[in-house]
Every structure is written in C-alpha cells, then in structure tokens.
Amino acid sequence: MTRPALAFAFAFALLSTAAFAQATIGIDEALVIVRAHGMATVAKLEHEHEKGQSKWEAEGLDAKGKKMEIEINAVDGKVISIK
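Residues numbered from 1 in each chain as written. Predicted model: local features only at pLDDT ≥ 70, side-chain atom pairs only at ≥ 80, totals over all residues. Heavy atoms only, no water.

Let's talk about the overall build of the protein chain
If you tally the helices and strands in the protein chain, you get two helices and four strands. Listing each helix as α and each strand as β along the protein chain from the N terminus yields α-α-β-β-β-β. Residues classed as buried in the protein chain amount to 24% of the 83 residues present. Of the roughly 5800 Å² of accessible surface on the protein chain, a fraction of 61% belongs to carbon and sulfur atoms. (Helix = DSSP H or I, 4+ residues; strand = E, 2+ residues; numbered from the N terminus. Buried < 20%, exposed > 50% of the residue type's maximum accessible area, 1.4 Å probe, protein only. Areas by Shrake-Rupley, 256 points an atom, 1.4 Å probe, with all protein chains shown as cover.)

Shown next, in the form of structure tokens:
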C-alpha cells in the first residue's frame, strides 16, 4: 500500500470509529424510548450516523395499527422526531 493510501485508510478508520463511538444509547434503551412514545409494534430499529449526528431510527405501528416513525438522538436519548 502506498504511503498516501495508507494515510487515507488510517484517517477513514479513525473518523468512522469516532463517529460511531458517540452512541451512548444502546438498542435496548432505544426500544424502551420508542415504546414509551406510542410505538406498540416495532418493525425496524437501526442505528444511523447522518450529517454528524448519531441516531436511532424506528419504524412500526401504534396501538391502533397506524404507521409510525421515530428518530432518537443516540447520544442523549432525546426524541428528534415522531411521524
């Protein structure tokens, strides 16, 4: 591997690790949060890092069967949005 390629690979690995190291809210806590905000059935719950923000995105249904989407800040657990 050439020196510039090695430097790029190292920088990419460092940035990727730092970006995901932010998450302090785990999947179990994220599940509790989305259920507390009305999501009765959770179909999808995944961690994303987008635009400098670490977050959990959940998709599912409320108690009446209506589709819901909830985004949670993965650092502090605050709800970003509910749709």
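So, next bit.
Points about the sheet that holds strand S1 (residues 41-50)
Spatially, four strands are ordered S1-S2-S3-S4 in an open sheet, and the strand pairing comes out antiparallel. Looking at the sheet topology across the chains shown, the edges are occupied by S1 and strand S4 (79-82). With direction set aside, neighbouring strand axes in the sheet form an average angle of 15°. Relative to strand S2 (residues 53-61), S1 is paired through nine bridges, and the arrangement is antiparallel. The partner of His47 across the bridge, within S2, is Trp56. Sheet contacts for helix H2 (residues 27-36): S1, S2, strand S3 (67-73) and S4; angle to S1, the most-contacted strand, approximately 120°. (Pairing = 2+ DSSP bridges. Axes fitted to C-alpha atoms, helices over the stretch in contact; angles between N-to-C directions. Contact = heavy atoms within 4.5 Å.)

A closer look at the pairing of S2
A loop of two residues connects S1 with S2, the two strands running antiparallel in sequence, and Lys51 in this loop sits at a positive phi of about 55°. Bridge count between S2 and S3: seven bridges; the pairing is antiparallel. Directly across from Leu61, in S3, lies its bridge partner Lys67. The hairpin formed by S2 and S3 contains five residues between the paired strands, and Gly65 there has a positive phi angle of roughly 90°.

Let's talk about H2
Helical geometry: 3.6 residues make up each α-helical turn, so side chains three or four residues apart lie on a common side. Residues of H2 that are buried include every one of Ala30, Ile33 and Val34, and no others. Along the axis of H2, the buried positions cluster into a sector of 95°, meaning they face one direction only. Among the exposed residues of H2, those pointing more than 90 degrees away from its buried face are Asp28, Val32 and Ala36. Just past H2, the residue Gly38 takes up positive phi, approximately 100°. (Arc of directions from axis to C-beta.)

A look at the confidence of the model for the protein chain
Low pLDDT marks regions whose predicted coordinates should not be analysed in detail. Per-residue confidence for the protein chain gives a mean pLDDT of 82; residues scoring 70 or more make up 72%. Across the protein chain, element-level confidence peaks in S3 with a mean pLDDT of 97 and bottoms out in helix H1 (residues 3-21) with 44. Across residues 5-21 the pLDDT falls below 50, and counting only partners more than four positions away or on other chains, this stretch makes five contacts in the model. (pLDDT = per-residue confidence, 0-100.)

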